[in-house]
Structure formats: structure tokens, C-alpha cells
Amino acid sequence: MKAYFIQTTERSTALEQREVPQPQATAGKLLVRVRAASLNRGEFIRSHGLTKPGAAKAAGTDGAGEVVGSGKRVMGRLPGAFAEYALMDEPDAIPVPPNLSWEEAAAVPITFLVVYDMLVQQGNLQSGEWLLVTGVSAGVGVAALAAAKAIGAKVIGTSGSADKLAKLKSFGLDVGIATRKADFHDAVMQATGGKGVNLVVNNVGGSVFAETIRALAYEGRHATVGYVDGVLESEIDIEALHTKRLTLFGVSNRLRNAEQRAVTVRGFAADILPFIAGGKIRPLVDRVFPFSELPAAKSYMESNAHLGKIAVRID
């Protein structure tokens with residue numbers, strides 16, 4: 001079968017298509033005929049630690065397809081998803097709602113599981129609260145916007161593209177701030193009546209961290225989900241942390257065990273999947289590439305031209 005592998009060096013990551021043996025289902029693992037997979041920026045950013053220099057590894061982290069032998073439509077974490085067949089741990093298998101295409105289903109798993117973790121499990125976002133999403137036009141940002149609006153929250157988003165922010169207004173974005181800099185505190189305070197936001201989703205990284213802390217309200221919560229700016233350090237206002245009784249947390253899955261991940265999957269299936277199945281949340285797929293053009297899809301993602309997720313169709 002055909003499969004893509006990712007090779008990481010100290011300076012770059014590159015993709016290569018290879019012919020490899022088809023995997024076989026084993027106890028606890030489902031063999032999936034992959035129909036679509038989506039790109040996740042973290043897999044291609046060396047600073048995220050997911051692609052350390054070394055031997056090439058199977059590319060892809062989530063996707064959707066049919067379980068061989070049963071024909072069930074599933075989506076979920078799918079290591080080596082950029083392949084014609086891949087193995088999925090049974091607890092990670094989420095049924096695909098009938099209203100989703102394969103590409104839309106592939107855009108759900110990792111992104112919306114992360115969103116559920118940071119908005120619901122850890123962030124405790126409530127109807128009527130304010131959410132700030134830095135880099136709101138990225139895949140996780142758009143998904144966070146969709147989930148927050150389904151919950152009943154109000155959303156402020158930052159982006160370097162005023163055009164993308166305008167498009168996201170139709171998806172429920174309440175306030176858009178066109179900036180790539182750490183200069184959004186005043187606009188956030190104006191939108192929230194001087195109180196600040198209840199929850200921050202920081203997609204950008206250390207370059208805006210101090211500003212997001214300034215933008216938090218009393219008993220605010222702060223989720224660190226990415227650092228596309230490559231800035232891994234930042235100053236922190238200890239007085240603000242102390243006096244405003246802030247909560248800071250991360251949402252990486254790298255050190256979580258299988259049962260911890262399974263708890264998130266079950267929670268997502270109970271709390272968020274019904275919104276997707278009912279059409280209240282619709283995964284936003286910016287562009288679909290054929291399987292043979294995965295390197296082009298990677299380049300398109302790195303250009304930051306997309307709004308939402310990028311998917312690959314595997315026929």
C-alpha cells in the first residue's frame with residue numbers, strides 16, 4: 001500500500017511517499033481503510049517536539065474511514081493516517097455522523113478533542129462567558145469558535161488577516177481584532193466592559209502570552225495549545241496571577257496515558273458530537289487535496305492562507 005513518511009532534520013521536515021506492507025488488525029486495534037485525513041500543524045513544527053530529528057516515521061495523526069470487516073464509518077486518532085490503511089485503537093473510534101463527508105469527518109478528531117479538553121474539561125467555559133482565541137483563523141481556533149458558540153459563549157478572536165476575521169463573523173465571531181502583535185488588551189477590555197475574558201485559548205505562543213494574561217478577568221483561565229511563533233518563553237505577571245486568582249493549563253496529549261485520552265473521547269462523544277450530528281457545529285474545511293499532493297497541502301498550510309482545516313482525500 002502507499003503511505004507517506006515524515007523526515008525531520010534540524011532545519012526542516014519533508015514528506016516522502018513509500019510502498020509498505022498493509023498493517024493487520026490485532027486485539028484492541030481496528031484496521032481502517034482510510035478515506036480522508038487532515039493536516040495538524042503540530043506534526044510539522046519541530047518546536048512542538050512531535051517531529052524530533054531522527055529516522056523517518058509514518059505521517060498523519062487523525063483521519064476517517066471504514067473499519068475493514070464491518071464497514072463502520074469511524075473517525076479518530078489514527079497514527080500514520082496519510083496512508084491507504086492504518087490502525088486505530090478501539091477506544092479512539094468515534095462514529096461518523098451521516099451528515100459529514102469523509103473530509104469533514106477527518107477534520108474533527110484531534111482538533112475537536114483538543115477543543116473539548118480546553119473549553120470544557122479544563123476550561124469550564126459557560127454560556128454567557130467571554131472567550132479570547134489568539135490565531136482564531138487556524139484549525140483549532142475555528143473549532144474553538146464553533147464549540148464555544150454552541151455552548152453559548154461570546155468569542156473574541158485575533159488574526160493577522162482582516163479578511164479572515166470578516167468571514168468568521170458568519171460563523172459567530174463576536175469581535176475580531178486584526179493583529180499579529182501583542183497589542184489587543186485595550187480592545188478586549190472595551191468589548192468586555194472592562195472586565196476581561198473568562199477563558200483564553202492561546203494558539204500563537206510566547207510572543208502574546210503576557211498580553212493574554214493582561215486580558216483575563218478575575219478567576220480567568222488560560223489554555224496554552226500552540227506556539228506557532230516558536231517563542232517558548234515569556235515573562236509572567238505573578239501579581240496578576242495571584243490577585244486575579246488565575247488558572248493556567250496546557251492541553252498537550254504527549255504525556256497522557258491511554259485511559260486519560262479515552263476519557264476525553266467519551267466526554268467529547270457525549271457533549272460535543274451531538275452538536276456536530278445535529279448541524280449546530282460544522283467542521284470548516286478550507287481545501288481538499290488529493291493523496292498524491294500531500295506535500296503541496298503541507299506547503300499550503302505553511303503559507304497560512306487557509307481558514308479552518310486542510311484535508312487530504314485518499315481514494
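Residues numbered from 1 in each chain as written. Predicted model: local features only at pLDDT ≥ 70, side-chain atom pairs only at ≥ 80, totals over all residues. Heavy atoms only, no water.

So, the packing of helix α3 (residues 109-121) against helix α4 (residues 139-151)
So the rule is basically this: A fitted line through C-alpha atoms serves as each axis, taken over the contacting stretch for helices, and the angle formed by two N-to-C directions is quoted from 0 to 180°. A run of DSSP states H or I qualifies as a helix once it reaches four residues; a run of E qualifies as a strand once it reaches two. Both are numbered from the N-terminal end. Roughly parallel here means an angle under 35 degrees, roughly antiparallel means over 145, roughly perpendicular means 65 to 115, and every remaining angle is called oblique. Left-handed describes a crossing whose near helix is turned anticlockwise from the far helix by less than a right angle; the clockwise case is right-handed. Any pair of residues with heavy atoms lying within 4.5 Å of one another is described as a contacting pair. Asp, Glu, Lys and Arg are counted as charged, while Ala, Val, Leu, Ile, Met, Phe, Trp, Tyr, Cys and Pro are counted as nonpolar; the rest, among them Gly, fall into the polar class.
Close contact between α3 and α4 brings their axes to 9 Å; oriented N to C, the two are set at 55 degrees. By the angle between their axes, α3 is oblique relative to α4. When you trace α3 past α4, the crossing you get is right-handed. For the pair α3 and α4, contact is made by Thr-111, Phe-112, Val-115, Met-118, Leu-119 and Val-120 and by Gly-139, Val-140, Ala-143, Ala-144, Ala-147, Ala-148 and Ile-151, respectively. By residue class, the composition of the contact of α3 with α4 is eleven nonpolar, two polar and no charged.

Details of the pattern of salt bridges
Oppositely charged side chains may form a pair once their charged atoms are brought near each other. Our working rule: Think of a salt bridge as a Lys or Arg side-chain nitrogen and an Asp or Glu carboxyl oxygen that are within 4 Å of each other. Only protein chains enter the area calculation, which uses a 1.4 Å probe; residues under 20% of their type maximum are buried, those over 50% are exposed, and those in between are partly exposed.
Considering all chains together, one arrives at 15 salt bridges under this definition. With a closest N to O distance of 3.7 Å, Lys-2 and Glu-19 form a salt bridge. In this pair, Lys-2 is assigned in strand β1 (residues 2-8) and Glu-19 in strand β2 (residues 13-19), connecting sequence segments 17 residues apart. A salt bridge links Glu-104 to Arg-282; the shortest N-O distance between them is 3.0 Å. Separated by 178 residues along the polypeptide, Glu-104 in helix α2 (residues 102-106) and Arg-282 in the loop between α10 (273-277) and β15 (285-290) bring together distant segments of the chain. Classification of Glu-104 by relative accessible area gives buried; the value is 13%.

A closer look at the environment of Asp-89
Selection rule: Each polar contact in these results corresponds to two N or O atoms within 3.5 Å; when the atoms are within protein, one needs to be able to donate a hydrogen and the other to accept it, and residues that are neighboring in sequence are counted only if both atoms are side-chain atoms.
Residue placement: Asp-89 occurs in strand β7 (residues 85-89). A distance of 2.5 Å separates the side chain of Asp-89 from the side chain of Lys-29, its partner in a polar contact.

Looking at helix α5 (residues 162-169)
As a reminder of what qualifies: The reported arc concerns the directions from the helix axis to the C-beta atoms and nothing else.
Residues Lys-164, Leu-165 and Leu-168 constitute the buried set of α5. One side of α5 holds all its buried residues, which, seen down the axis, span an arc of 100 degrees. Tucked into the core, α5 has its buried residues touching α4, β10 (154-159) and β11 (175-178).

Some remarks on the pairing of strand β3 (residues 29-38)
The side chains of a regular strand alternate between both faces of the sheet. Put simply, the rule is: Strands are treated as partners if at least two bridges between them are detected by DSSP.
Among the ten residues in β3, eight count as buried, and that is most of the element. Examined bridge by bridge, β3 and β7 share five bridges and lie antiparallel to one another. Within β7, the residue paired with Val-32 across the bridge is Ala-86. In this structure, β3 lies alongside strand β5 (residues 62-67), joined through five bridges in antiparallel fashion.

Thoughts on the environment of Val-208
The residue Val-208 is located in the loop between β12 (197-202) and α7 (209-214) in this model. On the basis of relative accessible area, Val-208 is assigned to the buried category, the value being 3%. Aside from chain neighbours lying at most four places away, what touches Val-208 is Thr-134, Lys-181, Ala-182, Phe-184, Asn-202 and Asp-229.

Description of the packing of aromatic side chains
For any pair of aromatic rings, geometry is given as the distance between the ring centres together with the angle between the planes. Put simply, the rule reads: In this scheme Phe, Tyr and Trp rings, the latter by its six-membered ring, pair at centre separations within 6.5 Å, and the angle between planes marks the pair as stacked below 30 degrees, edge-to-face above 60, and tilted otherwise. As a reminder, the over-ring test applies to NZ of lysine and CZ of arginine, requiring each to be within 6 Å of the ring centre and within 35 degrees of the ring normal.
Taken as a whole, this structure holds two aromatic pairs when the rule is applied. Their ring planes at 50 degrees and their centres at 5.8 Å tell us that Phe-289 and Tyr-300 sit as a pair that is tilted. With a gap of eleven residues between them, Phe-289 in strand β15 and Tyr-300 in helix α11 (residues 294-302) connect regions that are remote in the sequence. Positioned above the aromatic ring of Phe-5 is the side chain of Arg-18, whose terminal nitrogen or guanidinium carbon lies 4.6 Å from the ring centre. Positioned over the ring face of Tyr-300 is Arg-287, at 4.9 Å from the centre of the ring.

Digging into the sheet that holds β2
Strand pairing within a sheet occurs via backbone hydrogen bonds; the two strands may be parallel or antiparallel. If you walk across this open sheet you meet the three strands as β2-β1-β4, and the pairing is antiparallel. This sheet does not close on itself; its edge strands, each paired only once, are β2 and β4 (57-58). In this structure, β1 lies alongside β2, joined through seven bridges in antiparallel fashion. Along β2, the bridge assignment pairs Thr-8 with Thr-13. Docked against the sheet, α11 engages β1 and β2, running at close to 160 degrees with respect to β2.

Notes on the sheet that holds β11
With parallel pairing, the six strands of this open sheet are ordered in space as β11-β10-β9-β12-β13-β14. The strands lining the two open edges of the sheet, one partner per strand, are β11 and β14 (247-250). Neighbour to neighbour, the strand axes of the sheet diverge by 15 degrees on average, direction disregarded. Where strand β9 (residues 130-134) lies against β12, four bridges are found, and the strand directions are parallel. Among the inter-strand pairings, Thr-134 is bridged to a residue of β12, identified as Asn-202. Strand contacts of α3: β9, β12, β13 (216-224) and β14, with the helix running at about 155 degrees to β12, the strand carrying the most contacts.

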